[in-house]
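# An overview of the molecular structure
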Amino acid sequence: MNFMLTSERMKSLQRMLQKEPDDLFLLYAIALEHKKADEFADALQYLERVVNKDPLYCVAYQQAAQVHELAGNVAAAKQAYQDGIAAASRKGDLHAKEEMESALSMLE
């Protein structure tokens, strides 16, 4: 990924977030930009904001688990997958639940 492109995308997302600070998609998109830039703490902070606003935003748990894996924190990754599986069960999202169960099984 071109750093300049990522940086411009981040600036654009941040500007939009200033206008809509509770926009889940923007928070999630910013988290993914931080993930791409290997800024794991920032990525996790934005993903946490997403699930605090919508505890059933299943893909945010999955991304958080992946960020924890990239950062080398397997225990936190497992917990994020478990939390995501619980959220997907509550939401009735069988596909997300199965994906996270599969990812979790690879960590165990």
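Quick note: structure is the one above.
In this report, the structure presented in the accompanying data block is examined. (Residues numbered from 1 in each chain as written. Predicted model: local features only at pLDDT ≥ 70, side-chain atom pairs only at ≥ 80, totals over all residues. Heavy atoms only, no water.)

Next up on the list: the environment of Leu24. With respect to the helices and strands, Leu24 occurs in helix H2 (residues 24–36). Spatially, the C-alpha atoms of Leu24 and Tyr61 are 13 Å apart, while their sequence positions differ by 37 residues. (Helix = DSSP H or I, 4+ residues; strand = E, 2+ residues; numbered from the N terminus.)

In this structure the tally under the stated criterion is one aromatic pair. Ring centres of Tyr28 and Tyr57 lie 5.6 Å apart, and the angle between their planes is 45°; on these two criteria the pair is classed as tilted. Here Tyr28, found in helix H2, pairs with Tyr57, found in the loop between helix H3 (40–53) and helix H4 (58–70); they are 29 residues apart in sequence, far enough to count as distant. The residues Tyr28 and Tyr57 share a single accessibility class, namely buried. (Phe/Tyr/Trp six-rings, centres within 6.5 Å; stacked < 30°, edge-to-face > 60°. Buried < 20%, exposed > 50% of the residue type's maximum accessible area, 1.4 Å probe, protein only.)

Bringing the packing of helix H5 (residues 74–91) against helix H6 (residues 94–107) into the picture now. Interaxial distance between H5 and H6 falls to 9 Å at its minimum, and their mutual angle equals 160°. Regarding the angle of H5 to H6, the classification is roughly antiparallel. H6 is crossed by H5, and the crossing has left-handed handedness. Residues Val74, Ala77, Lys78, Tyr81, Gln82, Gly84, Ile85, Ala88 and Ser89 of H5 lie in contact with H6, whose contacting residues are Ala96, Lys97, Met100, Glu101, Ala103, Leu104 and Leu107. Split into classes, the residues belonging to the contact of H5 with H6 amount to 10 nonpolar, three polar and three charged. (Axes fitted to C-alpha atoms, helices over the stretch in contact; angles between N-to-C directions. Parallel < 35°, antiparallel > 145°, perpendicular 65-115°, else oblique. Left-handed = near helix turned anticlockwise from the far one by under 90°. Contact = heavy atoms within 4.5 Å. Nonpolar A, V, L, I, M, F, W, Y, C, P; charged D, E, K, R; others polar.)

Before going further, it helps to examine the pattern of salt bridges. Under the definition given, this model contains five salt bridges. Glu101 is paired through a salt bridge with Lys97; the nearest N and O atoms lie 2.8 Å apart. Of this pair, Glu101 and Lys97 both sit in helix H6, four residues apart, roughly one helical turn. In this structure Lys97 comes out as partly exposed when scored by relative accessible area, which is 22%. Three or more residues are tied together by salt bridges with common partners; here these are Arg9, Glu33 and Lys36. (Salt bridge = Lys/Arg side-chain N within 4 Å of Asp/Glu carboxyl O.)

Considering the arrangement of structural elements, one finds Asp38 in the loop between H2 and H3. The class of Asp38 is exposed, set by a relative accessible area of 53%. Put simply, Asp38 and Ala71 are 33 residues apart on the chain and 8.5 Å apart in space, counted from C-alpha to C-alpha.

A word on the packing of H4 against H6. As a packed pair, H4 and H6 sit with axes 10 Å apart at the nearest point and diverge in direction by 15°. By the criterion of interaxial angle, the relationship of H4 to H6 is roughly parallel. Along this stretch, H4 crosses H6, giving a crossing that reads as left-handed. Taken together, the residues of H6 that come into contact with H4 (itself represented by Cys58, Tyr61, Gln62 and Glu69) are Ala96, Glu99, Met100 and Leu107. Partitioning the contact of H4 with H6 into residue classes produces five nonpolar, one polar and two charged.

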